[in-house]
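# Structural features, examined
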Amino acid sequence: MALDPLPLTLTNLLLRPGFRGRRAPDRAFDRLLAAAGPAEGDERFTDGFRHLLRCWAGADRLTPVGWLSARGHVGRHLANRARIRRLLAAHPEIEREPVERPVFVVGLPRTATTLTHGILSLSAEHRCPLLWELLTPGLDDDPAEREKAITTARRLVGGINLFAPGFRHIHNLRPEGPEECTFALPHTVMPLSQAVIPEYLPWHETHDFGADYRYLKQIYQVLQYGRPRRRWVLKSPLHLENLDALRAVFPDATIVWTHRDPATAVASFCSLVEHGMAVNTRPLDLHWIGATWLELLARSARRGLAARAGVPRESLVDVPYSWLGTDPAAGAPKLYAAVGARWTEADAARLPAVAARPRGTRVHSYDLARYGLTRADVDTAFADYNALRAEADRA
């Protein structure tokens, strides 16, 4: 295991006195809830995060920075929920904002979902949420609040790049660039990419995600209110396991499902988890990462396949990796045509900047064996999905 970056080591030392707070997670949660604002009538939402913080507090090998990350994650979601509730109470017309024909990019992680989202963001007729908006959603009526939200996003990205220098080579976060719904969705499996908290899974597996997607729609209605209406283009690999809940809230959505060899996608994603998790959990158990995320990603694919049968064919677009990962200049016009959008010369002119590797980043290398996995393990776990992927590749 490589040595921690010096800034991470020093920060863990500085935070050690406050690390004792994880022995009383309910007390820590109550402070976060009080700072967020009134939550009367919203106990179901807040109780879910209380349970998450309890699980996180008991995580094996959690670092002081990891405990700070846990409180930051929970506190941000509580504060955003309270803000959205205040805005809806003050402006009830927000919930009448139409979110029409949105595009949702889904698929296993590391299957070019980010590239697909970025290419779809090129159109002036499309609206993609920016990272700072997802971290602090609100109305665009106060320049000072806007700058404060952007600064918060810059600090988050700066901290990640400082503590996990290799992370940006895998997923380059930009404070003012398009990002995925994962940052706004309240209850997801992503905390398992930060900490060893298998106790959280039983709760998550039985959770009703309908409320989460109704809340997600409210966030986009807030971000749209008082601004030009354009077609929303949204993205998260985590939508794959919740397509039924998504479509219940967004019935006219177009689902863009990206495809890639799962053996490659799983290895790449485990590497992403390793880099991010190393900030919060030391030492890492790489085989735990492999076993946990193989099961979670295979479960996501199974749920996606089950829900796929209920998606109208005209609302479903399969995007093989070869479309954009190999030749984006040829694939981008096909993608736009498939979602019913116009591909223009202006879009084509901006395509190279989106398709190119971000400046200063290196080629990402990864290996299944590092995480205790074999290709046979992955092929077995994704047998049904591989049949669909092969069909998409032939289309």
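Below: a short report on this structure. Just so we're clear, the structure is a prediction, and the values are computed from it rather than from any experiment.

### Quick notes on the overall build of the chain
Check the secondary structure of the chain and you find 17 helices and five strands. The principal-axis extents of the C-alpha atoms in the chain amount to approximately 55 × 55 × 40 Å. For the chain, with 395 residues in total, the buried portion stands at 55%. Relative to all contacts within the chain whose residues are 6 or more apart in sequence, the contacts with residues 24 or more apart total 82%. Within the chain, the 44 negative side-chain charges are centred at a point lying 4 Å from the centre of the 51 positive side-chain charges.

### With respect to the side chain of E241
Take E241: it is sitting in the loop between β3 (231-235) and α10 (243-249). Only 3.1 Å separates the side chain of E241 from the side chain of R299, close enough to count as a polar contact. Ignoring sequence-local partners within four residues, the contact set of E241 consists of V189, H204, R299, S300 and R303.

### Some words on the side chain of H126
With respect to the helices, strands and loops of the structure, H126 is situated in strand β2 (residues 126-127). Classification of H126 by relative accessible area gives buried; the value is 4%. Polar side-chain contacts of H126 include one of 2.7 Å to the backbone oxygen of L120. What H126 contacts, discounting residues up to four positions off in sequence, is L120, R230, R231, V233, Y336 and A341.

### Some words on the sheet that holds strand β5 (residues 316-320)
Strand pairing in a sheet relies on backbone hydrogen bonds. The paired strands run either parallel or antiparallel. Taken together, the five strands give an open sheet; going across it, the order is β2-β3-β1-β4-β5, and neighbouring strands pair in parallel fashion. The sheet is open, and its two borders are formed by β2 and β5, each paired with just one other strand. Relative to β5, strand β4 (residues 254-259) runs parallel, the two being bridged by five bridges. Bridge assignment links T258 to a residue of β5, and that residue is V319.

### Thoughts on the environment of R247
With respect to the element layout, R247 can be found in helix α10. Placed 75 residues apart in sequence, R247 and N172 show a C-alpha to C-alpha distance of 29 Å. Those residues within four positions of R247 in sequence are excluded, and the remaining contacts are G310, V311 and P312. Side-chain polar atoms of R247 contact the backbone oxygen of G310, separated by 3.2 Å.

### Quick notes on the pairing of β5
The buried fraction of β5 is high, at five of five residues. Taking every second residue as pointing to the same face, both faces of β5 are buried, with L316, D318 and P320 on one and V317 and V319 on the other.

### A closer look at the pattern of salt bridges
Summed over the entire model, instances satisfying the criterion amount to 24 salt bridges. As a salt-bridge pair, R299 and E241 come within 3.1 Å of each other at their nearest N and O atoms. In this pair, R299 is assigned in helix α12 (residues 286-308) and E241 in the loop between β3 and α10, connecting sequence segments 58 residues apart. Of the two residues examined, R299 and E241, each falls in the buried class. The residue D393 makes a salt bridge to R389 at a minimum N-O spacing of 3.6 Å. Taken together, the residues span about one helical turn, with D393 and R389 both in helix α17 (residues 383-394) at a distance of four residues. On the basis of relative accessibility, which here comes to 41%, the residue D393 falls in the partly exposed class. Assessed through its relative accessible area of 17%, R389 is described here as buried. Salt bridges sharing common partners tie together D26, D30, R50 and R54.

### What about the packing of aromatic side chains?
Tallying each qualifying case throughout the model produces nine aromatic pairs. With a centroid separation of 5.0 Å and 55° between ring planes, the pair formed by F104 and F250 is classed as tilted. Linking F104 in strand β1 (residues 103-106) with F250 in the loop between α10 and β4, this pair joins segments that are 146 residues apart in sequence. Owing to a relative accessible area of 0%, F104 belongs among the buried residues under this scheme. For F250, a relative accessible area of 1% puts it in the buried group.

### Structural notes on the nonpolar core
The biggest cluster of nonpolar side chains holds 103 residues, and the ones touching the most others in it are Y213, I255, I289, W293 and F382. Excluding its chain neighbours within four sequence positions, the residues that come into contact with W293 are V189, M190, L192, S193, F269, C270 and V273. Membership of the second largest hydrophobic core comes to 20 residues, among which are L115, V317, V319 and L351.

Rules used in this analysis
Residues numbered from 1 in each chain as written. Predicted model: local features only at pLDDT ≥ 70, side-chain atom pairs only at ≥ 80, totals over all residues. Heavy atoms only, no water. Helix = DSSP H or I, 4+ residues; strand = E, 2+ residues; numbered from the N terminus. Buried < 20%, exposed > 50% of the residue type's maximum accessible area, 1.4 Å probe, protein only. Contact = heavy atoms within 4.5 Å. Lys, Arg positive; Asp, Glu negative; His and termini not counted. Charge placed at Lys NZ, Arg CZ, Asp CG, Glu CD. Polar contact = N/O pair within 3.5 Å; in protein donor to acceptor, adjacent residues only side chain to side chain. Pairing = 2+ DSSP bridges. Salt bridge = Lys/Arg side-chain N within 4 Å of Asp/Glu carboxyl O. Phe/Tyr/Trp six-rings, centres within 6.5 Å; stacked < 30°, edge-to-face > 60°. Core = buried A, V, L, I, M, F, W, Y, C linked by side-chain atoms within 4.5 Å.

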